[in-house]
Amino acid sequence: SVVIIWIIAQIILMFCHFGPQQGDWGTYIALAHRCYNAGGWYPMQDDLYSKYIFAPGLVNMLIAEARLFGSIAINKWLYLLMNIGVLANIYILARHLFSQRVGYSAAIIYCALYVNWFIALSANTELPFLFLSLSAASLCVTGGGHHWRYIIAGVLLGLANWIRPL
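Below, the structure is looked at part by part.

Conventions adopted
- Throughout, a residue's number is its position along its own chain's written sequence, starting from 1.
- With the structure being a predicted model, the display of local features is reserved for residues of pLDDT at least 70 and the display and counting of side-chain atom pairs for 80 or more, all residues being used for whole-chain, interface and lining totals.
- Only hydrogens and water are set aside; all other atoms, that is, all heavy atoms of the structure, feed into the side-chain values.
- To qualify as a helix, a DSSP run of H or I must reach at least 4 residues; to qualify as a strand, a run of E must reach at least 2; elements of each kind are numbered from the N terminus.
- Partly exposed residues are those whose accessible area sits between 20% and 50% of the maximum for their type, while under 20% is buried and over 50% is exposed, using a 1.4 Å probe and protein chains only.
- Throughout, a contact is declared for two residues whenever any of their heavy atoms are within 4.5 Å.
- Values of accessible area rely on a 1.4 Å probe in the Shrake-Rupley scheme; residue burial ignores everything except the protein chains shown.
- By the counting scheme adopted, Arg and Lys are positive, Glu and Asp are negative, and His together with the chain ends is not counted.
- By convention, the point assigned to a charge is CZ for Arg, NZ for Lys, CD for Glu and CG for Asp.
- Here a polar contact is recorded for every N or O atom pair within 3.5 Å, except that within protein the pair must consist of a potential hydrogen donor and a potential acceptor, and residues adjacent in sequence are included only if both atoms are side-chain atoms.
- Residue types Ala, Val, Leu, Ile, Met, Phe, Trp, Tyr and Cys, when buried and joined through side-chain atoms within 4.5 Å, form a set referred to as a nonpolar core.
- Working rule for helices: expected span equals 1.5 Å times residues minus one.
- Centre distance within 6.5 Å is the pairing criterion for rings of Phe, Tyr and Trp, where only the six-membered ring of Trp is used; planes under 30 degrees apart are then read as stacked, over 60 as edge-to-face, and the remainder as tilted.
- Criterion for a charge above a ring: Lys NZ or Arg CZ within 6 Å of the ring centre, and within 35 degrees of the ring normal.
- Every angle, taken between N-to-C directions, lies between 0 and 180 degrees, and every axis is a line fitted to C-alpha atoms, over only the stretch in contact when it is a helix.
- Note that the term roughly parallel is reserved for angles under 35 degrees, roughly antiparallel for angles over 145, roughly perpendicular for angles of 65 to 115, and oblique for everything else.
- Here is the rule for handedness: rotate from the far helix to the near one, and if that takes an anticlockwise turn smaller than a right angle the crossing is left-handed, while a clockwise turn gives right-handed.

Let us now look at the overall build of the protein chain. Across its full length, the protein chain carries eight helices and zero strands. N-terminal to C-terminal, the α/β element order of the protein chain is α-α-α-α-α-α-α-α. Overall, the C-alpha framework of the protein chain stretches about 50 × 40 × 30 Å when taken along its three principal axes. Taken over 166 residues, the protein chain has a buried fraction of 41%. Expressed as a percentage of contacts within the protein chain between residues at least 6 apart in sequence, the contacts between residues at least 24 apart total 66%. Of the roughly 9600 Å² of accessible surface on the protein chain, a fraction of 71% belongs to carbon and sulfur atoms. For the protein chain, the distance from the average position of its 8 positive side-chain charges to the average position of its 5 negative side-chain charges is 13 Å.

See the structure below:
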């Protein structure tokens, strides 16, 4: 239905988007390539006196992808999975806090917003931050008194802040 069309549209867009990434996204990728080629993690010693440290968690995530898969091309697929995770978290939270009908409505609205069709194409900090934060919120809201859920939620929030420091 709507979700399947939304996922297929994102996959088509992933295969049609070949251009280099600009702005902060391009900076994250360039830093990841530099650190990967030097065999290190970000920030490296050269970065210690920089005026600004760019999203260390995201840059290190890109470096880890390059080390595991030989390339960061897998990043679009990882971002697609995170975008689907955001959709699932929105549905879970809306259903738990309101009703199943509101959960479906929230999911359809999320799929209808065109910005959510393109967010998986870029190496941005927003999507991993949102995915990790909403996952933490979902764990807390649906916790049911299980303390381990709150511990995992705290770890997820720490990772979210590492990827996109506030």
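Right, picking up where we left off after that structure.
Moving on: the side chain of Asn124. Relative to the elements of secondary structure, Asn124 occurs in the loop between helix 6 (115-118) and helix 7 (126-141). Within polar-contact distance, the side chain of Asn124 engages the side chain of Ser122 at 2.7 Å. Those residues in contact with Asn124 that lie beyond four places of it in its chain are Trp25, Leu58, Tyr79 and Ile119.

On to the nonpolar core, then. Counting 38 residues, the largest nonpolar core has Leu58, Val59, Leu62 and Tyr79 as the members making the most contacts within it. When residues of this core are traced back to their parent elements, those giving at least two are helix 1 (2-16), helix 2 (23-38), helix 3 (56-69), helix 4 (75-97), helix 5 (100-112), helix 7 and helix 8 (147-163). Among all residues touching Leu62, those that are not within four sequence positions of it are Tyr28, Ile29, Ala32, Ile72, Asn75 and Ala123.

Turning next to helix 2. Every α-helix winds through 3.6 residues per turn, so residues three or four apart in the chain are directed the same way. Given a rise of 1.5 Å per residue, 16 residues ought to cover 22 Å, and the 23 Å separating the end C-alpha atoms of helix 2 matches this to within 8%. The set of residues buried in helix 2 consists of Gly26, Tyr28, Ile29, Leu31, Ala32 and Cys35. Once helix 2 finishes, Gly39 follows within two positions and takes phi at roughly 80°, a positive value.

A few words on the packing of aromatic side chains. As enumerated under the stated definition, the model contains five aromatic pairs in all. Put simply, the rings of Tyr28, Tyr52 and Phe54 pair up and form one aromatic cluster. Above the ring of Trp41, the side-chain terminus of Arg67 is found at 4.1 Å from the ring centroid.

What follows concerns the side chain of Ser135. Checked against the element boundaries, Ser135 lands in helix 7. The class for Ser135 is buried, based on a relative accessible area of 13%. Discounting chain neighbours no more than four positions away, the residues touching Ser135 are Asn89 and Leu156.

A few words now on the environment of Glu126. One can find Glu126 in helix 7. Taking the relative accessible area as the measure of exposure, Glu126 reaches 38% and is therefore partly exposed. Separated by 18 residues in the primary sequence, Glu126 and Ile108 place their C-alpha atoms 20 Å from one another.

With that settled, the discussion passes to the packing of helix 7 against helix 8. Between helix 7 and helix 8, whose axes approach to 8 Å, the crossing angle comes to 165°. Between helix 7 and helix 8, the angle is such that the two are roughly antiparallel. Remark: the crossing between helix 7 and helix 8 carries left-handed chirality. In contact with Pro128, Phe129, Leu132, Ser133, Ser135, Ala136, Leu139 and Cys140 of helix 7, helix 8 contributes Arg149, Tyr150, Ile152, Ala153, Leu156, Leu157, Leu159, Ala160, Asn161 and Ile163.

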